[in-house]
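# Chains, contacts and geometry: an overview
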Amino acid sequence: MQKIVVLGAAESGVGAAVLAKDKGCDVFVSDFGSIAPQYKKVLEDENIAWEEGGHSMDRILAADMVVKSPGIAKETPVMRAVAEKNIPVVSEIEFAGFYTDAKMICITGSNGKTTTTLLTYHILRSAGLDVGLAGNVGKSLALQVARCPHKAYVIELSSFQLDNMYRFHADIAIILNITPDHLDRYDHKMENYVDAKFRILQNQTAKDAFIFWTGDPVVARKLESVNVNATVYPFAEKPAPGLAAFVDADGNLEVNTPQRSLCMPCKDLSLKGLHNLYNSMAAATAACLTGVPADVICRALADFGGVEHRLESVRTVDGVKYINDSKATNVNSTWYALQAMTTPVVLILGGKDKGNDYSEIMPLVKEKVNKIVAMGLHNEKIVDFFGGVVPVVSTDNLADAVAECRAAAKPGDTVLLSPCCASFDLFKSYEDRGRQFKDAVNNL
């Protein structure tokens, strides 16, 4: 009987444990932190052995295979010990892939992948296809494979998940963009982060599809040095030879693939802004390749409801619009948010800085931002960088930040929470930050 140890007992880990149990493995789940009550209940109901608050190294090092949570870095003591024993380590996605031959539509990128994943899923569901949602969004892929299998899955993949994927095969792979992010997990080397993202292409053949934005310089440079076995379907804003998707001279989104083609006015897209145009192109191309009828795709592109915490309109108060873009945890994501703004902005920045270079957003700050409200425990870098350009006020809590924004904003302005930074200095997650912001705005 194969011994499987699952490290991390949240959505992915518990799902992997259930699948391993169903496949007749000897399963043990270990979490260095505390396990949420809902996941403890699943483990208890399934009679799966588990521990929290530490690791029993003797049991872990007796494993035939370790399924690792993407949040656990390879430099942690437990992973170093596993590596020394040469125990194979895989991600939950890789492990689930051992037990299914479903069609896999996989999406990665530094920004936009959640929106593109949910939009693609929405289109396929609108077409009545038997499809699951997994990865960084939705339910555990392993749990779905074990208990409610689908014929296809739309999967959002982070670089951390891709790190421990080896045999997994994406029928359709999408790389939206690559900008500096999480470099602390990649020895502060951009090339290591890029290599992780490009693992989405491994094991593809000419029968598979690779969808990408031609305007991303990092992707374009990497493509000069790698062999792509899949059939390529590039997209861009302006027409050019060989593109699968583009905007024509009349302002229509056009998509052309061997399976399906479509043409719809860009003004009818539910998601606004240049970044969302790219997201819509990628999702529409994937849907065409999957064989979804053009009228279904166009209808779904027009009625998609958007993503929580990504340019999410919260409320208009005293003529000021408040927008929650808490998911903007890097500079490039905030660039796209500012690019989409059409009114003067009071901008909330700050949090746990990941080595940010704010120069990318400086031109848009000069053009569109009237004031910056820094919200974090350490705001010195933001104050120093932007202080000579626009007024900057430093706060260390959300209530004060919202109060400063309300005092600074005038009717017709937009208060934009688009922090550029991770949330872990003041909040549990970017979701927690966004929800607290929405609560504060709704209480104004």
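Here, the structure is the one placed above.
Just so we're clear, the structure is a prediction, and the values are computed from it rather than from any experiment.

Right, let's get into the sheet that holds strand E17 (residues 345-349). Read from one edge of the open sheet, 6 strands run E15-E16-E20-E17-E18-E19, paired in mixed fashion. In this open sheet, the two strands that pair with only one neighbour each are strand E15 (312-317) and strand E19 (392-395). Adjacent strand axes in the sheet meet at a mean angle of 20° when their direction is disregarded. The pairing of E17 with strand E20 (residues 414-417) spans 4 bridges and is parallel.

We now examine the side chain of Thr115. On the secondary structure map, Thr115 appears in helix H6 (residues 113-126). Apart from the residues within four sequence positions on either side, Thr115 is in contact with Leu271, Asn276, Asn279, Phe304, Val307 and Arg310.

Bringing the environment of Tyr358 into the picture now. Along the chain, Tyr358 falls in the loop between E17 and helix H14 (362-368). Overall, the relative accessible area of 1% leaves Tyr358 in the buried class. Along the sequence, Tyr358 and Phe386 sit 28 residues apart, while their C-alpha atoms lie 8.8 Å from each other. The residues contacting Tyr358, other than those within four sequence positions of it, are Val331, Asp353, Lys381, Ile382, Phe385, Phe386, Cys420 and Cys421. At a separation of 2.9 Å, a polar atom in the side chain of Tyr358 contacts the side chain of Asp353.

Take the sheet that holds strand E3 (residues 49-52) next. Strand pairing in a sheet relies on backbone hydrogen bonds, with the paired strands running either antiparallel or parallel. Reading across the sheet, the 5 strands line up as E3-E2-E1-E4-E5 and stay open at both edges, with parallel pairing between neighbours. Whereas interior strands pair on both sides, the edge strands pair on one side only; in this sheet they are E3 and strand E5 (89-90). As judged from the 5 bridges shared by strand E1 (residues 3-7) and strand E2 (residues 26-31), these two strands associate in the parallel manner. Looking at E2, one finds that Val6 is bridged to Val29.

Let us look at helix H1 (residues 11-22). Here H1 contains 12 residues, and its C-alpha end-to-end distance of 17 Å stays within 8% of the 16 Å for a straight helix at 1.5 Å per residue. Counting buried positions over the 12 residues of H1 gives 9, a clear majority of the element. Burial in H1 covers these residues: Ser12, Gly13, Val14, Gly15, Ala16, Ala17, Val18, Leu19 and Ala20. Tucked inside the fold, the buried residues of H1 contact E1, E2, helix H2 (37-45), strand E4 (65-68), helix H5 (92-97) and helix H7 (141-147). Taken from the residues just after H1, Gly24 is the one with a positive phi, measuring 85°.

Relative to the helices and strands, Ile323 resides in strand E16 (residues 320-324). Look at Ile323 and you get buried, because its relative accessible area is 7%. Separated by 14 residues in sequence, Ile323 and His309 have C-alpha atoms that sit 8.7 Å apart. Once residues within four sequence positions are removed from consideration, Ile323 is found in contact with Leu311, Glu312, Ser313, Val314, Met341, Thr414, Val415, Leu416, Leu417 and Phe437.

Calculation notes
Every chain's residues receive numbers from 1 upward, in the order its sequence appears when written. Local features are withheld for residues below a pLDDT of 70 in this predicted model, meaning they are given only at 70 or higher, and side-chain atom pairs are given and counted only at 80 or more; totals for whole chains, interfaces and linings count all residues. Side-chain measures here rest on the full set of heavy atoms in the structure, leaving out hydrogens and waters. Any two strands with at least two DSSP-identified bridges between them are counted as paired. Secondary structure elements are defined from DSSP: runs of H or I of at least 4 residues count as helices, runs of E of at least 2 residues count as strands, and each element is numbered from the N terminus. Inter-axis angles, ranging from 0 to 180 degrees, are taken between N-to-C directions of lines fitted to C-alpha atoms, where helices are fitted over the stretch in contact. Here, two residues are considered to be in contact whenever any of their heavy atoms come within 4.5 Å of each other. Between buried and exposed lies partly exposed: a residue is buried under 20% and exposed over 50% of the maximum accessible area for its type, with that area taken using a 1.4 Å probe on protein chains only. Polar contact is the term for a pair of N or O atoms within 3.5 Å; when the atoms are in protein, one must be able to donate a hydrogen and the other to accept it, and sequence-neighboring residues count only if both atoms are side-chain atoms. Given the number of residues in a helix, its expected span is that number minus one, multiplied by 1.5 Å.

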